[in-house]
Amino acid sequence: MFKKSLCGLLFCSAITSTVQASEPLTLVLDWYINPDHAPILVAQQIGAFKAAGLDVKIVAPSDPALPPRLVAAKQADLAITYQPQLHFFADQGLPLMRVGTLIDSPLNTVMTLDKNVTSPADLKGKKIGYSVSGIEQATLATMLNHQNVKADRVKLVNVNFQLTSALMTGQVDAVIGGFRNIEALELKQRGKDPVVFNVEDYGVPAYDELIIVANRDKVGDPKIRKFLAALKEGSAWLRAHPQESWNKFASDRPELNTPLNKAAWLKTLPLFARDPAHLDKPRYQAYEQFMFDHQLINKITPVEAYATELN
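Cut-offs and rules
- Residues numbered from 1 in each chain as written.
- Predicted model: local features only at pLDDT ≥ 70, side-chain atom pairs only at ≥ 80, totals over all residues.
- Heavy atoms only, no water.
- UniProt positions renumbered as here; feature names shortened; annotations may be inferred.
- Helix = DSSP H or I, 4+ residues; strand = E, 2+ residues; numbered from the N terminus.
- Core = buried A, V, L, I, M, F, W, Y, C linked by side-chain atoms within 4.5 Å.
- Buried < 20%, exposed > 50% of the residue type's maximum accessible area, 1.4 Å probe, protein only.
- Contact = heavy atoms within 4.5 Å.
- Pairing = 2+ DSSP bridges.
- Axes fitted to C-alpha atoms, helices over the stretch in contact; angles between N-to-C directions.
- Domains from an automatic or database assignment.
- Buried area = accessible area lost by both parts, 1.4 Å probe.
- Salt bridge = Lys/Arg side-chain N within 4 Å of Asp/Glu carboxyl O.
- Polar contact = N/O pair within 3.5 Å; in protein donor to acceptor, adjacent residues only side chain to side chain.
- Nonpolar A, V, L, I, M, F, W, Y, C, P; charged D, E, K, R; others polar.
- Parallel < 35°, antiparallel > 145°, perpendicular 65-115°, else oblique.

Structural notes on the UniProt feature "domain: SsuA/THI5-like" (unreviewed entry) in the protein chain
- Here, the residues flagged by UniProt with the feature "domain: SsuA/THI5-like" (unreviewed entry) are residues 34–244.
- Split by type, residues 34–244 is 36% helix and 23% strand. Its first and last C-alpha atoms lie 17 Å apart.

The structure is reproduced here in C-alpha cells:
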C-alpha cells in the first residue's frame, strides 16, 4: 500500500529518474589530465554530464597504450586515443569504433630553431629527432617529398621523447612529433623562437588528433549519445568562456596551474571539435590510404568498420 501510494503521487517516476541520473560511464584518457581534455573537464564543471543523466568517471591511465585496449576488453565504456592509432587497431581487428572527436586538427609539427630553415626543403642534410617510429617517419618522408627532397637526405635520430631538450641542446637540428599547442609554446616560454611547420601543409592528409572510441558491441548504448551531447555543450561553453573555464581548471587542479598549461589551454581552443559526434568520412579514408601506401597497415579497412557518426 505504501509503494502504491507513492506511485500515485508520482514518486515512482521521480525515483526512476534519480536512478537514471546516476548512470555510470567510465572514460579513460589518453594520458594524464591536460589542456587537450578541456571540453571534457568543462562539461563536468558546468554539470552537462549530470544533466544528461550520467555519472562520468574520468580516469588517467598509468600506460598510454592501455585505454583503447581496456575498451576493447569491455573494461571501460570510452577511451581517448589518436586517429592514426585507430587505423592500426582496425588493421589488427580490435573491436573499436570511433564515436566522437575531441580535437579535429593535427597537432603534430616539424620544429627547428634554425632561422635559415624556411621550409622542409631546407632540412636537407640535417639531423631530425623523432620519438615514434613508423608514422613519424612516413610523415616526414611525405613532407620532404612534397618539397622534392628524398627522405634519405636527412638523418633520423631517436631522442626518446626528449624533443624539446634535444633541440635546445643542439643534439638535433629539428624535431618531428612536437605539438603546436605544447612543445612550440614551451620553447617560446624558454626564450626561443621556433620555426614550426604543420604537417598537413606539406602533403600529409589532415586527420583528427584526439578521438573517442567505444567497443563495437556497445555503440548503440544510449549513454554514448548522451555523453557526446554533453561534450558538445562543454565545448561550446569553453569557447564562450575561455578565461573563466581556465580559472576553474586552475583552481580545481593547482598542480597544473602553470604558465605553459594556461597558454596551451587558450591555444587549443580553436582546435576542439564543435560537434564531437560529426564524422568526416573522406578524411578517414584518405588517412587509411596514406598508411597503406607507406606500408604501415596490411590492408584497406572500410571506414564503416572502425568509425561511425551517432546522430
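There is more to say, and it comes next.
Let's talk about the nonpolar core
- With 41 residues, the main nonpolar core has L27, L78 and F227 as its most contacted residues.
- Here this core gets six residues from one element, more than from any other, and that element is helix α10 (residues 222–240).
- Setting aside anything within four residues of it in sequence, one finds F227 in contact with L25, L27, F49, L54, V56, L78 and I212.
- Listed in part, the 26 residues of the second largest apolar core include F88, I176, F197 and I297.

Side note on the sheet that holds strand β3 (residues 78–82)
- One open sheet holds the five strands; their spatial order is β2-β1-β3-β10-β4, and the pairing between them is mixed. Since the sheet does not close on itself, it has two edges, and those belong to β2 (54–59) and β4 (96–103), each with one partner. Between one strand axis and the next, the sheet turns through 30° on average, direction left out of account.
- Of the pairings in the sheet, the one linking β3 to strand β10 (residues 210–215) comprises five bridges and is antiparallel in character. For I80, the partnering residue across the bridge sits in β10 and is I212.

As for the domain arrangement of the protein chain
- Looking at the assigned domains, one finds that the protein chain contains domain 1 (23–104 + 208–300) and domain 2 (108–201).
- The distance between the C-alpha centroids of domain 1 and domain 2 comes to 26 Å.
- Tallying the contact residues gives 17 residues for domain 1 and 13 residues for domain 2.
- Of the roughly 1200 Å² buried at the junction of domain 1 and domain 2 (both faces included), carbon and sulfur atoms supply 71%.
- Across the domain 1-domain 2 interface, the total number found is zero salt bridges.
- Between domain 1 and domain 2 we count five residue pairs in polar contact (both at pLDDT 80 or more) in total.
- Those elements that provide at least two residues to the side of domain 1 that touches domain 2 are α6 (83–92), α12 (259–268) and α13 (281–293).
- No other element matches α12, which puts six residues into the side of domain 1 that touches domain 2.
- In terms of residue class, the side of domain 1 that touches domain 2 is built from 11 nonpolar, three polar and three charged.

Looking at the packing of helix α3 (residues 38–45) against helix α11 (residues 242–252)
- At a closest axis distance of 11 Å, the pairing of α3 and α11 adopts a crossing angle of 85°. Viewed along their axes, α3 and α11 adopt a mutual orientation that is roughly perpendicular. When α3 is examined against α11, the residues L41, V42 and Q45 are found in contact with a partner set consisting of S245, K248 and F249.

Here we look at unusual backbone geometry
- The backbone of N160 shows a phi angle near 50°, a positive value even though the residue is not glycine.
- Structurally, N160 is set in the loop between β7 (155–158) and α8 (163–168).
- Judged by its relative accessible area of 53%, N160 is exposed.
- In this structure, F161 is a non-glycine residue whose phi angle is positive, near 65°.
- One can find F161 in the loop between β7 and α8.

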